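Each chain, letter by letter, is given below.
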Amino acid sequence: MPELPEVETVRRELAPWLTGRRILSAGRVAAPVGPKYARLERAVGQRIVAVLRRGKFLILPLSGGDELVIHLGMTGVLSPEPPPDHERVRLVLDGDEPRTLSFRDPRRFGRCVVVPRGDYRTLPTLAALGPEPLDSSFTPAALLASVVRSRAPLKQLLLSQRPVAGLGNIYVDEALWRARVHPLLPGRRLSLEAAARVHRATVEVLTAAIAARGTTLRDYRTVNGDVGAFGQRLDVYGHDGEPCRRCRRTLERIVVGARGTHFCPRCQRMPRSRARHSSEVS
Ligand SMILES: [Zn+2]
């Protein structure tokens, strides 16, 4: 599933190509009527003012006061050529040579909708997103405050997008391994010191992954059809049964909230006693 680095890579490729173009037509192709690909006709006649990103959402402000919001879901791909199958949405843009932007979404977990600018009532995940991980509003204290009242495992909390936007299954595992924090640690047992490590690891892993243009496991491609190069640099995700690169202990895989979760049982020990955590809120 595309996470922040993959969506940011797509955004950077799309921005120079789409910004300033007027939308000549917009509509569903092989997609049922419903909320997933909705209100597209409202975009017709409006110009794309910018190509922005919030968490894993692409947000394209339009000149008429609306926004085109795209989420790639599990397997969504945006491309300048209509794909051979599973095309759900097609935009045609003006210019000396009209341009096409196609949204291919085989499993239909994606979204492509037009909403009034900033009106995310039909997009509750977007409405509730936590801070951008590479913004100054994301701090160790903010991270701690967002999890410290919860008994849920840290992995699950980070996947919720509320403590910080944009992390998915791959980069949560990578960040927690770098931070030496157990994925099952309840939010309420996170110390400020450990929150600082998770904060730093999150920033580091996302920055490195953006520089490598993301991770391709199966479906993700950049707009130009390239694969992301960060897959070779994953330390823990998908490496269960192999030795930890830091301590050589065999990495393990468990399931947390129905998601496969990879960690090192030596580097990422669960703290033994709750009483040892002075920051705990009772
Ligand atoms: Zn280790």
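What counts and how
- Residues numbered from 1 in each chain as written.
- Predicted model: local features only at pLDDT ≥ 70, side-chain atom pairs only at ≥ 80, totals over all residues.
- Heavy atoms only, no water.
- Pairing = 2+ DSSP bridges.
- Helix = DSSP H or I, 4+ residues; strand = E, 2+ residues; numbered from the N terminus.
- Axes fitted to C-alpha atoms, helices over the stretch in contact; angles between N-to-C directions.
- Contact = heavy atoms within 4.5 Å.
- Donors = N, O, S within 2.8 Å, 3.2 Å for Na, K, Ca; no water.
- Tetrahedral: all angles 85-135°; square planar, octahedral: opposite > 155°, others 65-115°.
- Buried < 20%, exposed > 50% of the residue type's maximum accessible area, 1.4 Å probe, protein only.
- Polar contact = N/O pair within 3.5 Å; in protein donor to acceptor, adjacent residues only side chain to side chain.

Asks: Pulling in residues and values, what's your account of the sheet that holds strand 8 (residues 111–116)?
Replies: Taken in spatial order, the 4 strands of this open sheet run 2-3-4-8, and their pairing is antiparallel. Single-partner strands in this sheet number two, and they are strand 2 (52–54) and strand 8. The mean angle between the axes of side-by-side strands here comes to 25°, regardless of whether they run parallel or antiparallel. As paired strands, strand 2 and strand 3 (residues 57–61) are joined by 3 bridges and run antiparallel to one another. Among the inter-strand pairings, R54 is bridged to a residue of strand 3, identified as F57. Seen against the sheet, helix 1 (residues 4–18) touches strand 2 and strand 3 and runs at an angle of roughly 25° to strand 3.

Asks: Can you lay out the coordination of the zinc ion for me, pointing to particular residues and giving the numbers?
Replies: Taken together, the protein donors to the zinc ion comprise C244 (SG), C247 (SG), C264 (SG) and C267 (SG), at separations of 2.2 to 2.4 Å. With 4 donor atoms in place around the zinc ion and angles of 97 to 113° between them, the coordination shape is tetrahedral.

Asks: I'd like a rundown of the environment of D105, residues and numbers included.
Replies: In this structure, D105 sits in the loop between strand 7 (99–104) and strand 8. On the accessibility criterion, D105 (0% relative accessible area) is buried. Residues D105 and G73, 32 residues apart in the sequence, show an inter-C-alpha distance of 8.0 Å. Sequence-distant contacts of D105, defined by excluding residues within four places in its chain, comprise Y37, L72, T75, G76, H86, R88 and G110. A polar atom in the side chain of D105 sits 2.8 Å from the side chain of Y37.

Asks: Lay out the pairing of strand 6 (residues 87–93) in plain terms, naming residues and giving numbers.
Replies: Taken across its 7 residues, strand 6 has 5 buried, putting it largely inside the fold. Bridge analysis of strand 1 (residues 23–28) against strand 6 gives 5 bridges, and the strand direction is antiparallel. Residue pairing across strands places A26 opposite L91, the latter belonging to strand 6. With 6 bridges joining them, strand 6 and strand 7 adopt antiparallel strand pairing. Paired with L93 across the two strands is R99, which belongs to strand 7. Here strand 6 folds back onto strand 7 in antiparallel fashion, the turn holding 5 residues, of which G95 has a positive phi close to 135°.

Everything listed here is a matter of geometry and, on its own, says nothing about what the molecule does.
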